[in-house]
Structures are given as structure tokens and as C-alpha cells.
Amino acid sequence: MAGIPVSNMTISEPIGQGKQNYTPALITLAVLYFMMGFITCLNDTLVPFFKKGFTLTYSESSLVQFYFFLTYGIASIPAGKVVERVGYKKGMVLGFSIAACGALLFFPAAVMHQYALFLAALFIVAIGIVLLQVAANPYITILGPAKTASSRLTLIQGVGSIGTTAAPLFGAYYILAPLQTSSASSDAVKYPYLGIAAALIVIALVVSRLSLPVITTEEEVVDKSNDSKKGIFSFRNLNYGIIGLFVYVGAEVSVGTFLTNYIADLLKITESAANNYVAFYWGGMLVGRLIGSVLLKSIKASTVLSVCAAFAILLIIVSVNTSGYLAVWSMIAVGLCNSIMFAIIFSLAVNGLGKYTTQASGLLSTAIAGGAMISFCQGLLIDNSTWKIAFMLPMACYVYIMFYGLNGYKSKFSSL
């Protein structure tokens, strides 16, 4: 997922130094995005793990995603204020440190076998991830020539996609596989998350010692083309965009959350074996971003968005109305459609906002809480109906996204 951009930024280089070498900073951001993607998508493994280990319903197990993504709605704006006060480098170090503390809490939670403590640990991890997103993203656009900013962003997001692809494979082998042969359901997460905590602490220490560019934000010039009395919510594309981002993250997370159980039911295989397929769902994000970076150079972004949403709807319809591998791969292919949606919705939502852009970015970041709300609602649907009915919820989300790509992104009301 993309984070919060900062407008009108300049780089202050240390006195006495010449032109800076940005390679260490770019490598740091690559590692950061890998860890953010890895930790976020490892939640997809935790949902079936806790469901079986604690004998939970689907809605109860989806609380993993609920508490994790709810943090975006609660902490995004405060995190922005923290980063504004301490700076971007210290913000990244703080984000890694907080996430490490949350990961360490998995050990006592496993020893005590307390689901509530696991959820608390995930909430703390998520606070760290939010801080990382708020603090890190500005560096991507300013580390190097402006004309290559998009290629740097694509590269860094691609590294994040490698993390999301690796997480299900890691989770299948180290977390779900032991669950098949052990009644000690919480033990399998102790050491993997201790390892994650150790890695986060090491990264925090390394980043704290790096000499990174200092980003300063200049006061933005008022856009006289806009009425000075306009409020931020007077922009139609932003209002609809906030909803669009809410439902997009909700749909993406919901499909990924329940994909392991869905595939296990379809193919009559273990959760561990089914979880391997989830890597292809997230791997589609990497492939899609590479393809999208080429297509978006010649095709209108709103058109790409609406077409991808239409394909996602079609794929879900095919999946829930078929069986076997056709149903499995149809649902997995939704990940390919997801790849470019966040970036396009975000950019269309802030288009033309002028001095309100930074404030709008904070509002859009809180919309990531859709991952909490919609995944929980889908869990309730699965508990009380069928997979077919439950997947109508993310399908409805894609219907809205298709509308946003066709008309909702426009700054004024107009016909399609």
C-alpha cells in the first residue's frame, strides 16, 4: 500500500558534504517496504491459524485484520503529527521500534494462550507500521531526479510486493504446518515473531546510524484558482475517493484474509497447503504493478481503474459459480486486478486540491480502516450464510470502484 505524500519538500544536506549518495537511503526504504508488506500479509496466515487454534468463528478470527487495520483510522493523523515533530528519520526508527515491541508480545501471548493478548500485540505492531508509512514515503519521491521519481516508487513498491508474496509461504511452513500435528496451537507463532522482532530492532539500529537527507516542508502557496472559502470536503473527487479507498482496501484485505479457508474448502486440503496459493494472490500485485507502470504511460488512469474493477467483478462471479481449480485461480487472479487500484484512487482523489493536498492525504490514509470493517463484515456473512453470499460484499466494493473510475473521480457532477 502507498503511504502519505508530502508536498513542497526540499532536501537539506549536511554542511561540509557534497552531493549525497542516496543509495543507502533507497536500500533502507526497500527493506522497510519489504518488512511492511511481509508483516501485513502474514496476518492472512494468522486468521486461519487462530481460527483453528482457538476454535473461533470466521468473524472472530477476522478480528486479526479488524484490529490491525482499525489502527489506520485511529493513528494516521496522530502519526503525522508525531513525524512532523520528530522528523522523518526518527519517525522511521520509532516505527520499527514500536512494531518490534508488538512482535515481542507474541511470545507471552503464546505462552499464556490468550487470543486477546495476540490482538493487542497486533494493534501495537500496526501502530508501528502506520508510523513507518507516514515517515518513509516522502523519501521515495525526493531521493534523486524528479523525472525518475515514478520509477523509484515502482521499484520500492515492487520490493514491498516481494514481502507480501513471501509472507504466505513463510506462514504456511513455519506457522500453519506445525498446527496440523500439535495441539499447542499458539506455540508455532512464538519463534517466527521473535525473529521478526529481532529483525526490526536491527533495522531500527541501522537506520538510526544512517546519514539520511533532512526533509523540510515549505509553506504552500495558496492556489488562487480555488475559492479561499472552500472547505476540503467541497471536492467531489476527494469525497468519493475516500469511500473508494475505504472499499478498495476492504475488498483487497477481505479476499486475502479468507482465501486460505476458501481454497481449503474448495480443494479439500489442509490450511497449510492452501496458504501456499495465497502467495500467488499477493504475487499478482507485483506483476500487476510492473504491467501497470507501462500501461499508465499511454492509457488514462481512470480507464485502467474501471477496467480492472470490472475484471475483478467478473473473476469473483466466475469463482463463486464454479468449483475446483477454476474457482481457486479465478479468485487468486483478483490480486492482479488489485495491483494498481490504491495508487490510482489516491492520485485521482487528491487531483486539483492545491493547498488541501496534504490534509486530504491524511484523510485518505484513515480510509485504510476499510480493511478492518469490511473483512469483519465478510466474516459475519461466512458464519451465517455461504461463501457465495459472503463474496458478494467485496464484489460490491469493486462495483463502487468501477463507478469511481467512470465518473466518481470527476471534480464536478457530469454524465458518464
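Worth saying up front: this structure is predicted, and the values here are computed from it rather than measured.

### A closer look at the overall build of the protein
Then, in step 1: Broken down by element type, the protein carries 18 helices and two strands.
Then, in step 2: A buried classification covers 54% of the 416 residues belonging to the protein.
Then, in step 3: A total of about 17200 Å² of accessible surface is found on the protein, and carbon and sulfur atoms cover 67% of it.

### Considerations on unusual backbone geometry
Then, in step 1: Non-glycine residue Thr55 carries a positive phi angle of around 50 degrees.
Then, in step 2: By the secondary structure assignment, Thr55 is in the loop between helix 1 (23-53) and helix 2 (58-61).

### Focus on helix 14 (residues 341-350)
Residue pairs three or four apart in sequence face the same way in an α-helix, which turns once every 3.6 residues.
Then, in step 1: Within helix 14, eight of the ten residues are buried, which leaves it mostly tucked inside the rest of the structure.
Then, in step 2: After helix 14 finishes, the residue Gly352 shows a positive phi value of roughly 80 degrees.

### Observations concerning the environment of Gly95
Then, in step 1: Summarising the element assignment, Gly95 is placed in helix 4 (residues 88-104).
Then, in step 2: On the basis of relative accessibility, which here comes to 0%, the residue Gly95 falls in the buried class.
Then, in step 3: Considering only alpha carbons, one finds Gly95 and Ala79, 16 residues apart in sequence, at a separation of 9.5 Å.
Then, in step 4: With near-sequence residues (within four places) excluded, Gly95 lies in contact with Gly128, Leu131 and Leu132.

### A few points about helix 16 (residues 370-384)
Then, in step 1: Over its 15 residues, helix 16 runs 21 Å from end to end, which matches the ideal 21 Å to within 8%, given 1.5 Å per residue.
Then, in step 2: Turning to helix 16, its buried residues number three or more, namely Gly370, Gly371, Ala372, Ile374, Ser375, Gln378, Gly379 and Ile382.
Then, in step 3: In the core, the buried residues of helix 16 are packed alongside helix 2, helix 3 (63-86), helix 9 (236-267), helix 17 (387-390) and helix 18 (392-408).

### Details of the side chain of Asn237
Then, in step 1: Along the chain, Asn237 falls in helix 9.
Then, in step 2: Once residues within four sequence positions are removed from consideration, Asn237 is found in contact with Leu348, Ala349, Val350, Asn351, Leu353, Tyr404, Gly408, Tyr409, Lys410 and Ser411.

### Quick word on the side chain of Ser59
Then, in step 1: Inspection of the secondary structure assignment puts Ser59 in helix 2.
Then, in step 2: A polar contact of 2.7 Å, which involves the side chain of Ser59, links it to the side chain of Asp383.
Then, in step 3: When neighbours within four sequence positions are excluded, Ser59 is seen to be in contact with Phe376, Gly379, Leu380 and Asp383.

### A closer look at the confidence of the model for the protein
Then, in step 1: Confidence in the prediction of the protein, expressed as mean pLDDT, is 83, and 83% of residues score 70 or more.
Then, in step 2: The element-level mean pLDDT for the protein is lowest in strand 1 (residues 9-12), coming to 50, with helix 12 (residues 324-332) highest at 96.
Then, in step 3: Ignoring residues within four places in sequence, the model shows residues 146-151, a span with pLDDT below 50, making one contact including any to other chains.

### Here's the deal with the packing of aromatic side chains
Then, in step 1: Enumeration over the complete set of coordinates arrives at 29 aromatic pairs.
Then, in step 2: Note on Phe170 and Tyr174: the rings are 4.8 Å apart at their centroids and 40 degrees apart in plane angle, and the pair reads as tilted. With Phe170 and Tyr174 both in helix 7 (residues 149-179) and four residues apart, the pair spans about one turn of that helix.
Then, in step 3: With relative accessibility at 23%, the residue Phe170 sits in the partly exposed group.
Then, in step 4: Accessibility expressed as a relative area gives 42% for Tyr174, which makes it partly exposed.
Then, in step 5: A ring pair is formed by Tyr262 and Trp387, whose centres lie 5.3 Å apart and whose planes are at 65 degrees; its orientation type is edge-to-face. Highlighted residues: Tyr262 in helix 9 and Trp387 in helix 17, separated in sequence by 125 residues.

How each quantity is defined
For every chain, the first residue of its written sequence is number 1, and the numbers climb from 1 along that sequence. It should be noted that, the model being predicted, local features are given only for residues of pLDDT at least 70 and side-chain atom pairs only at 80 or more, the latter also being counted only at that level, while totals for whole chains, interfaces and linings use all residues. Hydrogens and waters are ignored; side-chain quantities use all the structure's heavy atoms. The helix and strand labels rest on DSSP assignments: H or I over at least four residues marks a helix, E over at least two residues marks a strand, and numbering proceeds from the N terminus. Summary of the burial criterion: residues with accessible area below 20% of their type's maximum are buried, those above 50% are exposed, and those between are partly exposed, where the area comes from a 1.4 Å probe applied to protein chains only. Computed with the Shrake-Rupley method and a 1.4 Å probe, the accessible areas treat only the protein chains shown as cover for residues. In this analysis, two residues are considered to be in contact whenever any of their non-hydrogen atoms come within 4.5 Å of each other. Expected helix span is given by 1.5 Å per residue-to-residue step, counting one fewer step than there are residues. Polar contact criterion, stated in full: a pair of N or O atoms within 3.5 Å, where within protein one must be able to donate a hydrogen and the other to accept it, and residues adjacent in sequence count only if both atoms are side-chain atoms. pLDDT measures the predictor's confidence residue by residue and takes values from 0 up to 100. The rule is short: rings of Phe, Tyr and Trp, with Trp giving its six-membered ring, pair when the centres are within 6.5 Å, and they are stacked under 30 degrees, edge-to-face over 60, tilted in between.

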